[in-house]
Amino acid sequence: MRRILALLALFSVPALAQQPATLVLKNANVYTLDDKQPHAEAVAVVGERIAFVGSNADVQRYVGPQTKVLDLNGATVVPGFTDAHYHFMGVGQRELSFNLEGTKSLDELLSKVKERVAQAKPGEWVVGRGWIETFWKPPVFPSRWDLDKVSPNNPVLLGRSDGHGAVVNSAALKLAGITSATADPFGGKLLRAKEGVGDVPAGVAVNEPNGMLLDRARGLIRVSDDMAVDPEKAALAADARSIMLGWCEVQDPGGSWRDVEVYRKLYGEGKLKVRIYKAISGPGAEADRLIQQGASVGEFGHRLTVRSIKVVSDGALGSRGAALLAPYSDNPQTSGFLTVKEEALRPMLMAALKNGIQVETHAIGDKANRFVLDEYARAMAAVPSGERKIKEPRWRDEHSQIVSPQDLPRFKKLGVIPSMQPSHAIGDLFFVPSRIGAQRTKGAYAWHTLIQDGNVIAGGSDAPVERGEPMIEYYAAVARKPLPERLAGANLDPAVWHPEQAMTREQALKALTLWPAYAAFEEDIKGTTAAGKLADFSALSADITKIPEAEIPKTRNLMTIVGGEVVFQEK
Ligand SMILES: [Zn+2]
């Protein structure tokens, strides 16, 4: 497969070179990550591919009457950024979330809801959060009857800012089947009639729920993310944000075929611009469908690929759900827990290997990481390379966060790709010492060790868990310390922060370009700036290979080019 792609590239380069360019970038500070020609001033693009990389003088011969010529005025141009772990729909939902912080009165709350309902489709959920009644006059909770005045038909759910209460309208209660006969659930309470709220319509029975749900009663309302936000709107909002920040590709870990159908529809209509490398959640029926159908590579001009299954093997460190080999330092009663069963995972791993499907597994704790390496190794031993559709499966370990030092060499040995999020390290290391103690940070976020061992690190952000910005990830990877605004007074004990595990600037750039391309079997067509490759570029306001660390987060994306098309340009 790789050989065929290489041959195609050989044939296509001279063919492209004879035609005038559709797009020329000149006066640029181009970092190519191509060893044969690491630096250039200009690039010529024919259609979606790069035709030439070189000097301002030499690029002139590609300029024809139809060529769009962009003078970059010295801007730094890098191969298009790729985020290897970016929950695309989640990013869109965050963009569209309805923020009620700072609402000063019940009337203001209702007018905001009214405005939102007017934009919603019939029956679409309106979900917001952030109101608090403490300073309202009178300081009482809103009720279902208040909300019904502005939203008689669309279900509405609005979370109180502390996260311990929410109000819903009558349409939402009806969808959830909540009536006066519904009992309070364990750990929660449905407020009734006049309890805690203002005016109540005449004739309401004393046990009639008034729409306020406290704590676990919120769980009675099953508003899933995709009910809350129209998935097409979410995808478009995520796309706009992604290309604005300079992402040319995002690798979307987990989700369903529903997501794939949304992406296909929007690509078909030409509305989605960023490339998406999509994983389907497994084990289960949705993943089995991918195994049966086989990978779908490069749809819509390499915009969409579906070839991976996302598994979740444990929880998170903050909530002590990450599976550890020994108990938590700040709670000896627990070591966290695994979240997938061997009996479900094993047959799926073997079937994936046979059918050329990649597997990427979330693993945070040292026990989960060992479990993933063990299970991957077992499957690879059971399905030798002759029985595999793709000999080199390039399976991934998403997060590879707390790893026992004795397990670190196994990544290279097994060919398992660590997919890591630099921003997690610079956020987590504030509380990691209390969770696991300094001793266990020896194999934590061990970027340098993994790279020295010969691994590539697929770098990403885990947005919307993190902000999902290339410059934050790049800064975190090279600085390995808090963002400049959080630096003052931070205790950066080297026995916890391990500054020796930082990446060099070149490594960090590869972690956001070439290495995620490799982790997606795309290194022959993406990841460096070279003739024959897809014309994906991010143009930056500063030279991130040279500026002081503190300047990196302030660097702006000026222009995003995907497949030779300028999809974002700073105004
Ligand atoms: Zn994630």
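Going along each chain's sequence as written, the residues are numbered from 1 onward. Thresholds applied to this predicted model are a pLDDT of at least 70 for local features of residues and 80 or more for the giving and counting of side-chain atom pairs; totals over whole chains, interfaces and linings are not thresholded and use all residues. Side-chain figures throughout are based on the complete set of non-hydrogen atoms in the structure, without hydrogens or water.

J.: Give me the coordination of the zinc ion: which residues, what numbers.
T.: Those protein atoms acting as donors to the zinc ion are H85 (NE2), H87 (NE2) and D462 (OD), and they sit at 2.1 to 2.2 Å. Sodium, potassium and calcium take a 3.2 Å donor cutoff, other metals 2.8 Å, and in both cases only N, O and S atoms count; water is not among them, so sites may look incomplete. All donor residues of the zinc ion come from one chain, and their arrangement in sequence is H-x1-H-x374-D. You can see H87 sitting in the loop between β8 (81-83) and α3 (88-96) and its partner D462 sitting in the loop between β22 (458-459) and α18 (470-479), a full 375 residues away along the chain. Take H87: its relative accessible area is 22%, and that puts it in the partly exposed class. Residue D462 is classed as buried on the basis of its relative accessible area of 8%. Working definition: helices are DSSP H or I runs of at least four residues, strands are E runs of at least two. Numbering for both runs from the N terminus. Per-residue accessibility, obtained with a 1.4 Å probe over protein chains only, is compared with the maximum for each type, and a residue is labelled buried under 20%, exposed over 50%, and partly exposed between these values.

J.: Talk me through the packing of aromatic side chains; I want residue IDs and the actual numbers.
T.: Any two rings among Phe, Tyr and Trp, with Trp reduced to its six-membered ring, count as a pair given centres within 6.5 Å; such a pair is stacked if its planes are under 30 degrees apart, edge-to-face if over 60, and tilted if neither. One pass over the structure, following the stated rule, counts nine aromatic pairs. Ring geometry for F52 and Y62: centres 5.0 Å apart, planes at 25°, overall stacked. Of this pair, F52 sits in strand β5 (residues 49-54) while Y62 is found in the loop between α2 (56-59) and β6 (68-71), placing the two residues 10 residues apart along the sequence. Each member of the pair, F52 as well as Y62, is classed as buried. Aromatic side chains W131 and F141 sit 6.3 Å apart centroid to centroid with 80° between the ring planes, which places their arrangement in the edge-to-face category. Placement of the pair is W131 in strand β10 (residues 126-131) and F141 in the loop between β10 and α5 (144-150), with a sequence separation of 10 residues. Clustering of aromatic rings is evident, with ring pairs tying together F81, Y86 and W247.

J.: Help me get a handle on helix α9 (residues 257-268), residues and values and all.
T.: Between the first and last residue of a helix there are one fewer steps than residues, each counted as 1.5 Å, and that sum is the expected span. The terminal C-alpha atoms of α9, which comprises 12 residues, lie 16 Å apart, in line with the 16 Å expected from a rise of 1.5 Å per residue. Every buried residue of α9 is listed here: W257, D259, V260, V262, Y263, L266 and Y267. The definition of a polar contact used here is a pair of N or O atoms within 3.5 Å, where within protein one atom must be able to donate a hydrogen and the other to accept one, and adjacent residues in sequence count solely through side-chain atom pairs. At the N-terminal boundary of α9, the capping side chain belongs to S256, with an oxygen 3.2 Å from the backbone nitrogen of R258. Downstream of α9 by one or two residues, G270 has phi in the positive range, about 75°.

J.: Outline the pattern of salt bridges, listing residues and values.
T.: Criterion for a salt bridge: a side-chain nitrogen of Lys or Arg within 4 Å of a carboxyl oxygen of Asp or Glu. Applying the stated criterion across every chain, the model contains 39 salt bridges. Put simply, R144 and E208 hold a salt bridge, and the shortest N to O gap is 3.0 Å. Here E208 lies in the loop between β13 (188-192) and β14 (209-215) and R144 lies in helix α5, a separation of 64 residues in the sequence. When its relative accessible area of 11% is taken as the criterion, R144 is described as buried. Looking at E208, the relative accessible area reads 23%, which means it is partly exposed. Between R258 and D259 there is a salt bridge, and its shortest N-O distance comes to 2.8 Å. When salt bridges with common partners are traced through the structure, they connect E95, R241, R467 and E469 into a single cluster.

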